[in-house]
Structure formats: C-alpha cells, structure tokens
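Descriptive analysis of the structure
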Amino acid sequence: MLSIKGAFKYYSNNFVKTYVLRDVDIEVKEGEFVTIMGPSGAGKSTLLYIMGMLETLDDGEFHYKENPVHKFNEKKRTNLHKHEIGFVFQQYHLIDELTVYENIEMPLLYQKIKGSDRKSMVCDMLDKFNIVGKKDLFPNQLSGGQQQLVGIARAIIGKPSLLLADEPTGNLNSAQGKEIMELFKKLNEEGTTIIQVTHSEEKAAYGNRIVNLLDGRIVE
Amino acid sequence: MFKNYLKIALRNLMRNKVFSVINIIGMAIGLTCGILLSLWIFDEIIYDKFHENGENIYRILENQSYSSQNMQVAVTPGPLAESIKNDFPEIVYATRYSQGLTQVFKVKEKKITVTNGASADEDFFKMFSFPIIKGSQTPLSEINSIVLTEDTATKIFGDTEAIGQHVSIYGLDLQVTAIVKNVPRNSHISFNHLIPFQIMADRNPNLDNWGSNSIHTYIQLAKNTSFEQMSEKIKMYLKEKAEELSSELYLQPLTDTYLHSVGLVADYGGMGDFRYIVLFSIIVLFIIVISSVNFISLSTARYTKRAKEVGLRKVVGSQRSQLIWQFLGESMLLLLIALGAALVLVELCLPAFNNIAAKELSLMYLLNPAMLFGLIVFVVFIGFLTGIYPAFLLSSFKPVTALKGSQISGSKGSLFRKIMVVTQWSLSIILILSTLMISKQLQFMKNKKLGFEKEQIVYTNIRGFNEIDALKRELLKYSGVESVSSTSALPHNIMNSTSGSVWEGKNDEDTFLVHYNIVDYDFIETFKIEMAEGRSFSQELSDDTNFGFILNQEAIKQMGIEDPIGKQYSIWGMEGQIVGVMKDFHFKPLHNPIEPMLFLLLKDYLEILVVRIDTADPVNTISYLEETMAKFDPERKHEFRFFDERYNVMYNSEQQMGTILRLFTGLAIFIACLGLFGLSTFMTQQRTKEIGIRKVMGADVPNIVVILSKEFTKWVVIANLIACPVAYFIINKLLQNFAYRIDMSYKVFGITVISSILIAIVTVSFQTIKAANSNPVKALKYE
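Notes on the structure in this doc start here. Since this is a predicted model, take the numbers as computed values, not measurements.

With 27 residues of chain A at the interface, the matching set in chain B holds 23 residues. Between chain A and chain B, roughly 2400 Å² of surface is buried when both sides are summed, and carbon and sulfur atoms account for 59% of that area. Among the residues of chain A in contact with chain B, His-93, Glu-97 and Tyr-110 of chain A are the three that bury the most area, contributing 30% of the side total. Linking chain A with chain B are 4 salt bridges, by the criterion used here. Residues Arg-11 of chain B and Glu-102 of chain A are paired through a salt bridge, measuring 2.5 Å at the closest nitrogen-oxygen approach. Applying the counting criterion to the chain A and chain B interface returns 8 residue pairs in polar contact (both at pLDDT 80 or more). Every element with two or more residues in the side of chain A that touches chain B is listed here: helix H2 (74-84), strand E6 (85-89) and helix H3 (100-110) of chain A. At 6 residues, the largest contribution of residues to the side of chain A that touches chain B is made by H2 of chain A. When the residues that make up the side of chain A that touches chain B are grouped by side-chain class, the tally is 12 nonpolar, 6 polar and 9 charged.

Residue and element names in this part refer to chain B. Relative to strand E20 (residues 568-571), strand E16 (residues 501-503) runs antiparallel, the two being bridged by 3 bridges. Its bridge partner being in E20, Val-502 is matched across the sheet by Ser-570. The pairing of E20 with strand E21 (residues 574-582) spans 4 bridges and is antiparallel. Of the residues in E21, the one forming a bridge with Tyr-569 is Gly-576. Between the antiparallel neighbours E20 and E21 lie 2 residues, among them Trp-572 with a positive phi of about 50°.

Time to look at the packing of aromatic side chains. One pass over the structure, following the stated rule, counts 35 aromatic pairs over all chains. Look at Phe-87 of chain A and Phe-89 of chain A: their rings are 6.1 Å apart centre to centre, the planes differ by 10°, and that puts the pair in the stacked class. Since its relative accessible area comes to 2%, Phe-89 of chain A is described here as buried. By way of ring pairs, the aromatic residues Phe-50, Tyr-97, Phe-124, Phe-125, Phe-128, Phe-130, Phe-191, Tyr-218 and Tyr-268 of chain B are connected into one cluster. The lysine or arginine in question, Lys-76 of chain A, covers the ring of Phe-72 of chain A, its NZ or CZ lying 4.8 Å from the ring centre.

Conventions adopted
Residues numbered from 1 in each chain as written. Chains lettered and ligands numbered in written order. Predicted model: local features only at pLDDT ≥ 70, side-chain atom pairs only at ≥ 80, totals over all residues. Heavy atoms only, no water. Contact = heavy atoms within 4.5 Å. Buried area = accessible area lost by both parts, 1.4 Å probe. Salt bridge = Lys/Arg side-chain N within 4 Å of Asp/Glu carboxyl O. Polar contact = N/O pair within 3.5 Å; in protein donor to acceptor, adjacent residues only side chain to side chain. Helix = DSSP H or I, 4+ residues; strand = E, 2+ residues; numbered from the N terminus. Nonpolar A, V, L, I, M, F, W, Y, C, P; charged D, E, K, R; others polar. Pairing = 2+ DSSP bridges. Phe/Tyr/Trp six-rings, centres within 6.5 Å; stacked < 30°, edge-to-face > 60°. Buried < 20%, exposed > 50% of the residue type's maximum accessible area, 1.4 Å probe, protein only. Lys NZ or Arg CZ within 6 Å of the ring centre and 35° of its normal.

In structure tokens, the structure reads:
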C-alpha cells in the first residue's frame, strides 16, 4: 500500500543539520495494523507525519498506492491525503468553537460532500460510537475518552484506507485507553489499515507488526 | 461550508469579546470619521455642478500688475459683458452679475427687508439652470421686472399669486415676472430675488466706465470652443477698448469657481478653499490607515490563537486557498459589522457635525451613485487589505508545527506588528503636532496686536445720510460716547485700491498700488491708530478739506519719500499735501502682509458711522445711539453692531476648520490607543509563561510592569523620532499660508512627545499591572 525507501529527514539550525530520520525503509501492506515504537526523539512522529503527507522527505522515495508522493506539490498531496488518510492525535485536537457534530462533519466539507449525505454520514458515526446524546456539546464539555472518540469518528468518517494514530491513548486513563484500542482493533478487522505510534508494549500488542525506531533508524 | 465558516467566525468573535469589541469599535470610529469627512468633501466638490451648460460657462477675471505685486481680481468693468459678446461670435451668452444686496421692498405700504438680492442681464436664465416654475421664460427682459424665489414669494405675498404683483425698490415700481425654484445650497451664485442689471447701471454711472471694476461677468462659450484659444483671444481685450488699461483678462471655469477662487480680490464671501479639501482628504487617509492598522495587527494577534484550527483543517484536507478565503471572509464580516455601526454613528453625529461645520450634510449623499460606488470599492478594498495579510500568515502555518502549538506567532509576525504600531503612532503624532500648531496660530491671530483697537466700537450703516456733522454733535453729548467718526470701510478689511497716485519725485515707470479709505475727522482717534509722524486730520486746520493726505509707513517706504510731511501728493487729479504718517496697521486678514494705505477726507462717500463707547453701560449707550439715529433718519431702522464681533467673523472658517481638526485628531489618538490596548492584552497573554517564571525566580510586581511596558514604550519613542521631523516639515508648509505667523514652538513638540509616551504607558499599564499581579503557578499551569 505504501512504501518508503532511503528516507532522510533533517532540520537545519545555524548550518548544523540535525537528522531525524536516516535511511529509513518501510513498507506497509493493505489491512496491516503496524505499531511504531521507540524512545522519545527517535523520529516516530516524524515518520508518521511523512506517511500522512503532512511532512515532506528531504531525501528518498515515498510511494502511496503507486503515487510518487515525494514528487507531489502541496496541493496534490492535500488532494490525495484528504480522501485516503485519517488522523488521530494524542491531544485529540478538536476545534473548541465547534460542536461534536460540527467537528465530525468538518472533513466532509473539504471533500465537497452534499449536505443531505453529510447529515446521514455524521449520524451514522454518532450512532456507531454511541455519542448521539453529545452531538451538540462543545469539546470542553466532554471527558478525555469521549473527546478521543470524537477524534476517531472525525478521522474515519471520510472512509480513509489508512488511519494514522499518534499516541492515541497517551492522555487517557487505562480503562478509556483500552476502549479506544478495542475500537482500533475492530476497525482494522473491518479492513482499515492502521499505523500507530506508542510507547506502551501493551498497546502495541493490539497490532500485528512492530517497527522499532532508534535515533532515526529502524532497528530489528 | 460557508455556514461552517460563518459559525466559527461568529463563535470566535463571541469568545474573544475584548478583541472583537476593540477591533469593531476602532474600525467603526475610523469609518465614522472617514464617512463624515467624505460627506463634507463631497458637499464641497459638488458645488455648481448642477448647471446643464456648466462646462461652457466661465467667469471673467482680471490680472492686474503693479511694481510691488500682482493681483487677481474677481470683478470687471460694467460694459465688458455686452461688448465682449458682440465682438466674439464664440461667446453665445454673457451677463453682468452682482449679489449680496439687502433691500427694503415696499409692497402696498408694507416694508419688507429682503436679504441677498442680485442683479443680472437677460442671458442669465439662458446660461444657468435655475428652473422657472411660473411666469415668463425670459423674465429679466423688461426693465421694470423682478424675479423671486419660491421662499421670497411666500415671504412677501403669502398664499396669494405673486406673478403680476408690484413691489417697489429705490422708488421704482417693479412687476413680478417669474418665480424660480429656491437656489440650491451648493451654488456660489445665490439670491433671494433678482432684478435686471440695468436698474443698477442707471443708478451708478461708474458701471458704464471701463476704468472701474466692480461687478462680475459670466460668459457662455459655444459648444466645442477651445478654452485655451479663447483665453488667448480675450487676454488683451481691455487694452483694445481703452489704451490706458493694462489689466489682462482670463477665464475661470464655472465648476472651478467655488473651490479655486482663493486669494481673488473683491470676490463673493463664503467661497470654499480647495486646500481644505486636500487637508481633509489627508486626515481621512490618516485615520483610515490608523484604524486599518489596528484591524490588521489585532487580527493577526487574535488569529495566532487559532493556529491549531489551521493545522487541523489542513490535516483533514483543506487547501491553502480555502483557508485564505476563510480568513479573508472573516475580516470582511468584521468590517461589515463595523460599517453598520459606523453608519449608525454617522447618523447620530451628523446634527452635531453639521453644527460645527455649518453644513447640511445628510447620509442620503451616500445614495449618490459615485459616492455609493466609492464606499463599496473602499470597503472591499479595506477588507481585502486588512484581511490579506492575516490570511496569508495564518494559512502558511505548517500543520504539524501548528498542532504542536509551538512558536507560531513567530518573529516575523511580531516584527510586522511593531512596524504597524510605529506607523500608527507616527501618523497620530503628526496629526497632534499639526493640530496644536494650527490652533496656536489661530489663537495668535485672534490676539495679534492689529495696530488699532477693535474693542468697544459699534457701527451702523449711514449710506445716503447727509446730516453727519449734526448727528455727530448730538451723539457726543451723551456721556457713554467717547468718540464718533464715519468712514467708507471698516478698518479690518479695506479692499479698495487705486494706482492713480502721483507724488514729488515719482518716476514715470513707478506703478504704485495703494489701498485707500475715505474717512471723517476723528477716525484715527476713534480706532486709536498710532501716528508715526505729523498729525491726524484736524477740523481746526481748514486746509485738510483742501486735500490733506495721511499715508502709512509702508506706503512711504514703497514710494521712497524722505521727510514726507508737507510733500506734494495727488490722487485722481486732487492735489494736496501729506500731513501725517500712521504706523502700519493690519487692514486685511492676517494671511496678508501689510500693504500701502491712504486715508483721505471726502464727505460724500462716508457710509458707516463708528462710535467708541465706554465700558460702563453699553446697553443704554447703544439704545441712546439708536434713538438719536431714529430722530435724524426716521425712514430707516438703525441697528448698531459691535465691531469686534464683525472682526471675529472674518476668521470663522478657520475656527471651524480648527474645531474639526481637533475633533478628528482626538479620535485618531483614541483609535491608536485602542489598538495599543488590544495589542498589549495579546502580548501579555503571550508572555504569561515568562511572567510566571520570572515571578517564581523572585521578580516583584514593579519589576515586571517595567519589563512589559518597556517594549511598547520603545515603539512609541521610535514613532516620535519618525513623526517629529515629518511634522516639522508639514507645519512649516502650513504656516507659510499666513503672512504673520508664530515661530515653531519646541515646547509644543516636547509636550506632545512626552504626553504620547505617557498615554502609551497608561494604556498598556491596564494589562501589565494585571499580568504582574497574577499568580505565577496559574501562569505556568496554563502553559
């Protein structure tokens, strides 16, 4: 589904290059549930955002479903990722000024989906996650677990083929965390490819492959 | 999608109430000022634009040159109109014209005073678009006709039909031949009634004389006649008519007359001045820039709070252009709200503004297509301008960094804001300095020693009255009367001048223009004009009536006479001697330098009685004066007025402009303060964490207030450094308009600089003190 070859990523600061990724090769097949692990500063999140097309490579190749993403400009990348990829964040990143309903609806606006269709799609999601009663609340009126549910609902409403999660349970207590991981597992079984970043061995166990990163390199 | 944008925009406005209110109020006040001043400007520039033939109508002016100066004169000889029309086929119509006469109408034994009467020739109604409602279409063709405006007709005849009625002026029986619509306010030609010019010409033989300039001449050229060629053709016309005339003629387009007649001698009163148009346009520009800067810097500050939203929208697939439109749209929305508020404010302020500016402005002007188009273009332009920078800045955030919430405000954004604040404050300071100096100049002119004393003098019209000496004796009997004299013109604005004087030792090539005033005995004493040499006119020395002349020092200087007393001098063929030299006094508004002046005694031309009264009981003294006048001249009603009031009227338009200027400068500074307040709120919020850390490390409250205030004070100081030299230059230019002007005052500069910094510190301190007193633990947790 996606393959990255010879990937380099660095930041220049006062003419000193700080490498975040060095010569990374990774391939993810459709239907996989991959976990990226590693200590702080290993480059896990950077790798995840590159796969999500929010960051670019400084060197190397990135193909997504036969598309040479490393050759795309911002506009082309945006067009590809908005239909293909969903994101879940540790801090949920819901928009405070929008209600639960409106937060979930937002990606559909950018995908130019008709109003009536949007409504039924959002209602399906609310139903599926059992948050119909919360649809008119604002994010700060929800618990962390509930906020993350909204975050996931928003990530998958556009039916992406790939779901990227950056420490999705990092801010949650263990019961909430477990619930979210069960949800991921279910989504994976329904056919969504998932890549998650986590520190926790326990959460990694939900996936079916682990990639370890250390100082920007993949270690076996 | 639009609904989503609107929703989030409105919710953001509600959430950041302080910012939104500051942003909207600042812009609304700015727009209010802009709209008010634009209405004023619009009202000035539409003057005389309603005449259908306006493009082809011109006023003939004269350019007179003398060795000491050139003069542009608004009046022309009486025979000019008819003669020039006969000589040039390109001139289709021509009319003599004069206005401003107050006349007493006799209608069936009733006396009615009608102000602002005018006289013109038959062509007048063919040239100008003053629609005739009733009566003859050529109403001035009969010598004994009179034309009334609707209001005048109602005033005189009430509801009865006015056409065909008779009124009597100067003992002539005139018949009302037409009623015209009231003259619109925005017309420099203005009258309540109109009589054939020939009536005036018959009463004043001077009007048939090529050598006497006293009336206005308007002509209409055939379509497609070249203005330049025509100007060239008529340039030397007077010389062709009479060899001794050297004045050149030139044409002034009708549409330029109102605003571009500044400095013309013997023009109508109440004309406009294009320099005020320029000045006010600049102020509009300044205020709009100042409030736009607020808008931009506050928006960028406010939007940085929304970095997360930008990041997220990019993550879920928003294009950069979509984000730009979103934020541009928000700016537009805010601007529209401000515009709505501004329109309400304008409507509320208009009565007061009209009062100050002596105008009748109305919001209806905005419905004028040009004005409406201008407003829409302006709002879209400002919306775009103020929205585009924040929109680009925001949409450029990288999604990942934006979501992490790290340094998104960036050094670039804050540098931009600094430049904005400096610009804003520079403009405000320039405005303040200019306004203060202009006010000082006006004050100076009001208090300037004129060379005569204008207080305690009352005057009244005695034209055509011939028992002056007896009257004078009678008045002087009253204890409250100090001195009595009469004159042909009041000494604050003497306009008559002549080039026909000859003196001992005059060279043939000397052309010498001298202003003259015909006075009675005791005039110099009544106005307390000081003498430099010789004596003033004296009743005891009978030779004065045999042509004694008194000149001012400037005249003696220009003529180059040494030991002037007793020297021969003659004017208009009247030979005599110089008996005295007065010290120079200001007989024209202080815009003008002092020019040569001649006083002479001629009993026949005295028109105004002047009386110096003592301060004890002016009310009774004046009623005594009026009663005594009534005994001598029961036919007329006599009213005495105070001369110093008349004098102050001369500077009315300047006082008006001064008031308007102060008002808008005050508002500009207020807007700039709002901006600074908003920005300081934002900046202190941004530095919450820093403040927390500093407090934990042991900084006390004053310490932190100083750290926070320093930043803003620095900008305002820089703004002062930029503004002062610019203001110096501008003020210098402005003061050039006055012949007698104040020196550049460094005190004003000093006070302005210090107070601007103080104002800035006080504005900022509201926020800094609050921030410095906050609990450090909370500040750190917040982050």
